[in-house]
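Observations on the three-dimensional arrangement
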Amino acid sequence: QVQLVESGGGLVQPGGSLRLSCAASGSISSINVMGWYRQAPGKERELVALIFSGGRTNYADSVKGRFTISRDVAKNTVYLQMSVLKPEDTAIYYCNTKGERYSLMSFDSWGQGTQVTVSS
C-alpha cells in the first residue's frame with residue numbers, strides 16, 4: 001500500500017501564491033512519475049503538471065509560466081509552486097504517483113485532495 005498525504009491548500013487572493021506538497025510513503029521501490037491534477041466544480045479532473053524520474057516536466061497550457069513542479073527524491077515528495085493565481089485555478093488539487101513496490105508490483109496512488117480557492 002502506498003499512501004499520499006497532501007498539504008498546502010487554502011484561500012488566496014488573485015495574483016497570490018501557494019505551495020502544495022505531497023509526500024508518498026509505504027512499500028516504494030521506485031517512482032516513475034509524480035503529478036498534480038485538479039478538479040473544479042462541475043468539471044472533469046484535469047492534468048496540471050507531471051515530473052518524471054529523470055526530472056523531465058510537463059505542464060498544462062493553462063498553468064505554464066505560473067506553476068512549477070519539483071520533487072525531493074530522497075523524501076518521495078512532490079511540490080507544486082503556484083504563482084500569479086487566478087480565480088479559474090480554484091479547484092481541488094490531487095496528487096498522483098506511479099511506480100513499483102518492493103514486491104515488483106506496480107502502483108498508481110492518489111492523494112485525498114486539497115482545496116485551493118482563489119478569490120478576493
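The following refers to the structure shown. (Residues numbered from 1 in each chain as written. Predicted model: local features only at pLDDT ≥ 70, side-chain atom pairs only at ≥ 80, totals over all residues. Heavy atoms only, no water.)

Section: the side chain of D89
Considering the arrangement of structural elements, one finds D89 in the loop between β8 (77–82) and β9 (91–100). Here the side chain of D89 touches R66 through a polar contact of 2.7 Å, side chain to side chain. At a separation of 2.8 Å, a polar atom in the side chain of D89 contacts the main-chain amide nitrogen of K86. Among residues more than four places away in sequence, those in contact with D89 are R38, R66, F67, V84, V116 and V118. (Helix = DSSP H or I, 4+ residues; strand = E, 2+ residues; numbered from the N terminus. Polar contact = N/O pair within 3.5 Å; in protein donor to acceptor, adjacent residues only side chain to side chain. Contact = heavy atoms within 4.5 Å.)

A word on the nonpolar core
Among the nonpolar cores identified, the biggest contains 30 residues, and W36, L80, M82 and Y93 are the most heavily contacted of them. For this core, the element with the most residues is strand β3 (residues 18–26), which contributes 4 residues. When near neighbours in sequence (up to four residues on either side) are disregarded, M82 contacts G16, S17, L18, L20, R66, F67, Y93 and V116. (Core = buried A, V, L, I, M, F, W, Y, C linked by side-chain atoms within 4.5 Å. Buried < 20%, exposed > 50% of the residue type's maximum accessible area, 1.4 Å probe, protein only.)

A closer look at the state of the cysteines
Summed over all chains, the structure comprises 1 disulfide. The disulfide that involves C22 links it to C95, with 2.1 Å between the sulfurs. The disulfide joining C22 to C95 has a torsion of about -80 degrees about its S-S bond and is therefore left-handed. Of the two residues, C22 is situated in strand β3 and C95 in strand β9; the sequence distance between them amounts to 73 residues. Grouping residues by exposure puts C22 and C95 together as buried. (Disulfide = S-S within 2.5 Å.)

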